[in-house]
Structures are given as structure tokens and as C-alpha cells.
Amino acid sequence: MKAIGYLESQAITEQDSLVDIDLPMPVAAGRDLLIKVNAISVNPVDTKVRQRAQPENGEYKVLGWDAVGEVVAVGEQVEFYQPGDRVWYAGDLTRQGTNAEFHLVDERIVGHAPKSLSDGEAAAMPLTTITAWELLFDRLGIQQKSANGAASKPEQVLVIGAAGGVGSIIVQLAAKLTDAVVIGTASRAESQQWVKERGADFVIDHRQPLNEELKRIGLDTVSHVVSLNGTDQHFDAIVESIAPQGKLALIDDPETPLDIMKLKMKSVSLHWEFMYTRSMFNTDDMAKQRDLLNAVADLIDAGEIKTTQGTNFGAINATNLKLAHAAVESGSTIGKVVLEGF
């Protein structure tokens, strides 16, 4: 089968940073599905792994942790899928990735793909959808709207870096599924418009001090903060702006250590989100990722959530994948970068 991989960690500008290769066809066993991959997306984790992880035993390392495709074979313990099912998922960081024609994945972290989206539009979303859902509901415990229409307690969620892949979906989920006031940050006119179109109540500029920007829109404090990038740069403003007994969640890797003692006086809780925790540690609740992917697919097909696809870089090959990695590394993309078809 065709695949794209590397033998040595290199800058994306190097000729062999990603290369076209041929690999043996995987075989499904246990709870695994064998997927014929139709479309993928590129996430920051792809570029970080490429830069940091040397392949082992002289074998090619295949990246990629988002895919939409068709189930072509199932392991003997599979319960929820059968050949012919169209699925979407974000995979497992400890296994070979989705930058290949065929891929193995545990059924517990796979959902049925949205019927209303193309393969490319759907491939933009699994990793960021899982991350966003877990941030809002598993880590921060933000209340979902009550089925009986009962009012929930006032909550405000500040999303730092709201125009990126995770931000683009977390804003939508918060706007559609909660009663929270949603404040997104973005710096450029086009990214601010993108965030507004995804349902943010307010958009502020993260190039300015966030505490001052919040006061500009009439908010002295917010109950929840989701920091998707630049946490160390914004930390003091977060400490000032977060409400007593508030909650802060982050996903980035701060270059400067955070002084969490600054959170003590307000009894602010700090939460990490890493969407691969469940698959890496084979947790008892791994199947929650299947459930949430199916729930979001239903929301998409009902017209409640939009794809976060930004740019489609064309066919899945080393040349286009290198361009996609470079775009993600630039930090200037809006929405998600996808590739489609071998």
C-alpha cells in the first residue's frame, strides 16, 4: 500500500523530511478495524512528532491522526462496525498514523462519519472535536443546556486562539450546547470574522492584554478559560481575569514554566487536556470518544455544527503533505488543513 513516512527527524524544508513509500497491508485483529483512508488532516501534533520522534529499528514512521474512510475488514472482537461503514476518527498516538492507504484503529475511538460532509470536510474534525468536547465537558465541566429548558448558572468561557482547529469547534460546541457566554480571541480581521461566524458572542484581540480586552466588552471576570496557545504569554492576564473558583484548561506546551501559585488565592483549578490519554492508557472509558464523535456527527447532519476545514492541499502524497506541514508550522492557518485521495 502507498504511505508517506520518514526515516529521520528533519526540518520540513529538507528533501527527505517526508517521502512516498510502499508498506505491507495491515491485517485487522481483536477490536481493530482496517480502514481504507479517503481523507486526512494535518494537526500541530503531526509536526511536533516529526520534529522530535526518531523512527525505531530503521523503519519508516508514518504520521497522521485524523482520517475519514471506509471499513474494509474487522477483527474478531469488533462489535459496532462492519465492512462498508464510513467512519471518522483521530487514531492512537502510539501506533502508525493515517498517512497511508490503509490503517488499523481500535473501534472504541471511531465514530460514524457525518453523512452531510464530504470526506475532506469531515477529515478536518475528529481530533479537534474530541479535544474540544473533552475540554468543555470532561475537564472544565461546563454545563450543557437542560433538556427541559431550565436555566443554568451563568458561565463565561474565554477561548484563547479561537480561529485554529480546536478553537473553531470549541466555539461552536459551546455556543450550541451550553448557555455560556462565549468569548473567542483572534488577531487578524479574517480570523476574527471566522470566529464570529462560528457563534462567538464576542471576539477580542489576543495581541492586546486580555484582561483589558475583556473589560472593553464589559467583563471583569470569566468563569472558565480555555488556552489553546501562548498560555505562558497570557498567564498573568488569565490570573487577573479568571473568577474566584474558576477553571483554566490548556493544551499547549508553554515554553516558560507557569507559576501555578498565582492561582491559589482564587482557588482556581488547572486542567490539562490530551486527547490521546484514553487510547494510550487503554482507559475503561475509551468508548466515550466513539460516543462523542457520533453525537457531533448527528449535530453536523442536523445543521448545528459546521466543518472547520480551511484549506484542501489536494491528493495525499509527500509533496502535498510537506506543504501542509509547512502551513501548520507557520501558525497562520485558519481552520484545518486537509488532503484527500491517493
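Residues numbered from 1 in each chain as written. Predicted model: local features only at pLDDT ≥ 70, side-chain atom pairs only at ≥ 80, totals over all residues. Heavy atoms only, no water.

Re the nonpolar core
Consideration 1: Trp88, Leu173 and Val195 are the most contacted members of the largest nonpolar core, which has 80 residues in total.
Consideration 2: Core analysis: the second largest hydrophobic core is formed by 18 residues, Leu158, Ile183, Ile204 and Leu263 among them. (Core = buried A, V, L, I, M, F, W, Y, C linked by side-chain atoms within 4.5 Å. Buried < 20%, exposed > 50% of the residue type's maximum accessible area, 1.4 Å probe, protein only.)

Describing the side chain of histidine 103
Consideration 1: The residue histidine 103 is located in strand β7 (residues 102–106) in this model.
Consideration 2: Within the structure, the side chain of histidine 103 is placed 2.9 Å from the side chain of tyrosine 89, a separation counted as a polar contact.
Consideration 3: A polar contact of 2.8 Å, which involves the side chain of histidine 103, links it to the backbone oxygen of glutamine 96.
Consideration 4: Setting aside residues no more than four positions away along its own chain, histidine 103 makes contact with Leu33, Leu34, Ile35, Val37, Tyr89, Gln96, Gly97 and Thr98. (Helix = DSSP H or I, 4+ residues; strand = E, 2+ residues; numbered from the N terminus. Polar contact = N/O pair within 3.5 Å; in protein donor to acceptor, adjacent residues only side chain to side chain. Contact = heavy atoms within 4.5 Å.)

Some remarks on the packing of helix α3 (residues 126–139) against helix α4 (residues 165–177)
Consideration 1: For the pair α3 and α4, interaxial distance at closest approach is 8 Å and the crossing angle is 50°. The orientation of α3 with respect to α4, classified from their angle, is oblique. As for the relative orientation of α3 and α4, their crossing is right-handed in sense. Listed contacts from α4 to Thr128, Thr129, Thr131, Ala132, Trp133, Leu135, Leu136 and Phe137 of α3 are Gly165, Val166, Ile169, Ile170, Leu173, Ala174 and Leu177.
Consideration 2: Of the residues that constitute the contact of α3 with α4, the class distribution is 11 nonpolar, four polar and no charged. (Axes fitted to C-alpha atoms, helices over the stretch in contact; angles between N-to-C directions. Parallel < 35°, antiparallel > 145°, perpendicular 65-115°, else oblique. Left-handed = near helix turned anticlockwise from the far one by under 90°. Nonpolar A, V, L, I, M, F, W, Y, C, P; charged D, E, K, R; others polar.)

Some points on the sheet that holds strand β1 (residues 2–6)
Consideration 1: Taken together, three strands build an open sheet; the order of strands is β2-β1-β4 and the sheet is antiparallel. Looking at which strands have only one partner, the edges of the open sheet turn out to be β2 (19–22) and β4 (61–62).
Consideration 2: Two elements, β1 and β4, share two bridges in a ladder whose sense is antiparallel. Following the sheet pairing, glycine 5 is matched in β4 by valine 62. (Pairing = 2+ DSSP bridges.)

Observations concerning helix α1 (residues 44–52)
Consideration 1: Listing the buried residues of α1 in full gives Val45, Asp46, Thr47, Val49 and Arg50.
Consideration 2: Among the structural elements, β1, β3 (32–42), β4, α3 and α10 (318–330) are those in contact with the buried residues of α1.

Side note on the sheet that holds strand β10 (residues 181–185)
Consideration 1: Taken together, the six strands give an open sheet; going across it, the order is β11-β10-β9-β12-β13-β14, and neighbouring strands pair in parallel fashion. Each edge of the open sheet carries a strand with a single partner, namely β11 (202–204) and β14 (269–272). Averaged over all neighbouring strand pairs, the angle between strand axes comes to 20°, with direction disregarded.
Consideration 2: Alignment of strand β9 (residues 156–160) against β10, held across four bridges, turns out to be parallel. Bridging from a neighbouring strand, leucine 158 pairs with isoleucine 183 of β10.
Consideration 3: Strand contacts of helix α7 (residues 231–241): β9, β12 (222–227) and β13 (242–250), with the helix running at about 160° to β13, the strand carrying the most contacts.

Considering the environment of glutamine 192
Consideration 1: Its place among the elements puts glutamine 192 in helix α5 (residues 189–197).
Consideration 2: Taking the C-alpha atoms as reference points, glutamine 192 and methionine 265, separated by 73 residues in sequence, lie 33 Å from one another.
Consideration 3: When near neighbours in sequence (up to four residues on either side) are disregarded, glutamine 192 contacts Ala186, Ser187, Val203 and Asp205.
Consideration 4: At 3.1 Å, the side chain of glutamine 192 and the backbone oxygen of alanine 186 are in polar contact.

Points about the pattern of salt bridges
Consideration 1: Applying the stated criterion to the full structure yields 21 salt bridges.
Consideration 2: Among the salt bridges present, the one from glutamate 240 reaches lysine 215, with a minimum N-O distance of 3.4 Å. Of the two residues, glutamate 240 sits in helix α7 while lysine 215 sits in helix α6 (residues 210–216), which places them 25 residues apart along the sequence.
Consideration 3: Residue class for lysine 215 comes out partly exposed when judged on its relative accessible area of 46%.
Consideration 4: Three or more residues joined by partner-sharing salt bridges are found here, namely Glu134, Asp138, Arg139, Glu273, Arg278 and Asp285. (Salt bridge = Lys/Arg side-chain N within 4 Å of Asp/Glu carboxyl O.)

Re α3
Consideration 1: Helix length check: α3 (14 residues) gives 18 Å between terminal C-alpha atoms against 20 Å at 1.5 Å per residue, within 8%.
Consideration 2: Among the 14 residues that make up α3, 12 are buried, leaving the element largely enclosed by the rest of the structure.
Consideration 3: Taken together, the buried positions of α3 are occupied by Pro126, Leu127, Thr128, Thr129, Ile130, Thr131, Ala132, Trp133, Glu134, Leu135, Leu136 and Phe137.
Consideration 4: Among the residues trailing α3, glycine 141 stands out with phi positive, at a value near 65°. (Expected span 1.5 Å × (residues − 1).)

Overview of the packing of α1 against α10
Consideration 1: Running from amino to carboxyl end, α1 crosses α10 at an angle of 100°, the nearest separation of the two axes being 9 Å. The angle between the axes of α1 and α10 places the two elements in the roughly perpendicular class. Here Pro44, Asp46, Thr47, Arg50 and Gln51 of α1 lie close against α10, whose contacting residues are His325, Val328 and Glu329.
Consideration 2: When the residues that make up the contact of α1 with α10 are grouped by side-chain class, the tally is two nonpolar, three polar and three charged.

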